[in-house]
Amino acid sequence: MQVESICIVGGGSSGWMTAALLSKEHPDIEMCLIESPNIKPIGVGESTLAHFNRYLKRLGLKDEDWMAQCNATYKASIRFKNFREGKGESFQYPFGAFGPAKTEYNKIINNDEIAEHLMRFFELQCVYTRNVYPPEEFARFCNRQTYMAEEGKIAMEIPGPFGSEDFHYNPENDIAYHLNADKFGEYLRDNIAIPNGVHHIKGDVHNVIKTPEGDISAVTTIDGGAISADLFIDCTGFRSLLLEQHMGVPFVSFNDQLFNDRALATHIEYDDKETQMDCYTDCVALNNGWVYNIPMWNHIGTGYVYSSKYVSDTDAEKEFREYLPESAQDCQMMPIKIKHGKHIHAWEKNVVGIGLAYGFLEPLESTGLLTTHENLLVLTDILGCRDAHVTHHDRLMFNYTAERVLESMKNFVTLHYTMSIREDTPYWKDATNTVEFEQHWGGQTSEATLSALNDYRALMDYMDKKMFDHTKMGEGSIYIAAGQGIRPFTERLFFERADDQRIEEVREYHAAYVKDRKFMLDWVKTLPSHYQYLKDNIYVESV
């Protein structure tokens, strides 16, 4: 199929993100976008992952171009509170690469041996106890960006004795954003898509016309206009108007792994931006789900994501209001029904589902926009590979990639619950004891390897090398596992294997880390606050 024209059905953030990128990278393809005037944006705020930066770079956008128009702020990490025990504990999942800085650590370990560095943390727990090295210390030990997140500080250039390479910090890749997704869509519409020639049609799709082979040849609007195209992109959200309703692609639910199917969304005003404008998304576990807090420039977007199987909507709202501060008790709640899952194909014949029209996960790991921009990047590269000529092979590759992205994130989100030790409510008891899911602890072990592991100690010897292997498991899963208190070996097993030299090396590592930790705590206090940095660099005219 030669793609000479594209019709995008649906506006919002996914529709205009699609129109902006494709119109920029494929100016010879004729494009239109049909947007219903009767569908109002949700506007609850959005939290992104560092992957979002790839999309921004492809559009050539700089922070000062768009952030102020979207109430956007920076995001260096995700904090999880009450997910491990439900007793007020918290841990960070910072963005950026693993690794010690090039300071005194190099006297003990080569900077490239990241896996060995990770193991040092668990050895320190054994020698100095988990009171000195609690699970929440892991993120600080492995990623210095944690200090900026916890102290509410932001730096785009690293001052003092560090350079970016020493710090393992690249703000162009390691910082994400909090933003109003609807305003971001409007910005892309007005500043990229329409200036690039995308024809904006306001109306509701009334009918779909198909060819004998099952492709869509045209869609008609209520006013009678017919719009034909070679490729149709479904950005109609959970309705999945084209992909599901007209192409008949089945939907597969994720409810067996992810319980939460409801949300209550609202926003609260700042009392003090200087102290409240965190540079991380705050996720706080409650009795029947969790609350998100997304600090945007104008207010804090917040909501309770919960399971209707364990709590009624009325009791969920009561629980949420008890969590909110006194000043927010009169806020209006917007109920949202969550449709977990994916369609078995993202691309069927000449229809591609983007964003919610293809699939969705609860937003615990800020995946709301992830499937939109990641699948768009694959789609635009497919169109650019052979001058917009696509075949069944291209559809198969796109579907495989889209499925793997969503399936891997589904299992990653599931880890946050199954690794918990909470059993204080029916919700948490089921979440930690009944969910079956696909695990990838260090990849697949061969039968020969398993047969050689003939005792528990040998098994743990194997697991401490593979269980926290960042090249196999993924850095995010390691942060969650360590933050939830999971360890590759216990004190007893460590001391069975460690000789005096190994223990002395651990003590030297401890001395270096204590010195480095103090330096970092002193250094990060010299940085501007998140609010101050935004006021001085992004929101200059609005202050």
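Residues numbered from 1 in each chain as written. Predicted model: local features only at pLDDT ≥ 70, side-chain atom pairs only at ≥ 80, totals over all residues. Heavy atoms only, no water.

Our next topic: the overall build of the chain. Counting secondary structure elements, the chain contains 22 helices and 22 strands. Here the chain holds 543 residues, and 57% of them are scored as buried. Summarising the internal contacts of the chain: among those between residues at least 6 apart in sequence, 75% fall at separations of at least 24. Total accessible area on the chain is roughly 23,100 Å²; 47% of this is exposed by carbon and sulfur atoms. (Helix = DSSP H or I, 4+ residues; strand = E, 2+ residues; numbered from the N terminus. Buried < 20%, exposed > 50% of the residue type's maximum accessible area, 1.4 Å probe, protein only. Contact = heavy atoms within 4.5 Å. Areas by Shrake-Rupley, 256 points an atom, 1.4 Å probe, with all protein chains shown as cover.)

Moving on: the sheet that holds strand β19 (residues 341-343). Strand pairing in a sheet relies on backbone hydrogen bonds. The paired strands run either parallel or antiparallel. The strand order β13-β19-β22 describes an open sheet built from 3 strands, whose pairing is antiparallel. Because the sheet does not close on itself, it has two edges, and the strands there are β13 (251-253) and β22 (359-360). Sheet contacts for helix α14 (residues 392-418): β19 and β22; angle to β19, the most-contacted strand, approximately 170 degrees. (Pairing = 2+ DSSP bridges. Axes fitted to C-alpha atoms, helices over the stretch in contact; angles between N-to-C directions.)

Before going further, it helps to examine the nonpolar core. Core analysis: the biggest nonpolar cluster contains 151 residues, and Y55, W66 and L188 have the highest contact counts within it. By residue number, the principal contributor to this core is helix α4 (residues 114-132), which donates 9 residues. If sequence neighbours within four positions are ignored, W66 has contacts with F52, L56, L61, A72, Y177, L179, F184 and Y187. (Core = buried A, V, L, I, M, F, W, Y, C linked by side-chain atoms within 4.5 Å.)

Within the secondary structure, S13 is located in helix α1 (residues 12-25). On the accessibility criterion, S13 (15% relative accessible area) is buried. Every residue in contact with S13, bar those within four places of it in the chain, is listed here: A181, G185 and L369.

Quick look at unusual backbone geometry now. In this model, N71 sits at a positive phi of 55 degrees, which is unusual for a non-glycine residue. Note that N71 resides in the loop between α3 (63-66) and β4 (73-75). The phi dihedral of N82 is positive, around 70 degrees, even though this residue is not glycine. As for its position among the elements, N82 is in the loop between β5 (77-81) and β6 (90-94). Residue classification places N82 among the buried residues on the basis of a relative accessible area of 12%.

With the rule as written, the count across this model stands at 25 salt bridges. Among the ionic pairs, R189 bridges to D190, the shortest N-O distance being 2.7 Å. Assessed through its relative accessible area of 44%, D190 is described here as partly exposed. K339 is the salt-bridge partner of E244, the closest N and O atoms lying 3.1 Å from each other. (Salt bridge = Lys/Arg side-chain N within 4 Å of Asp/Glu carboxyl O.)

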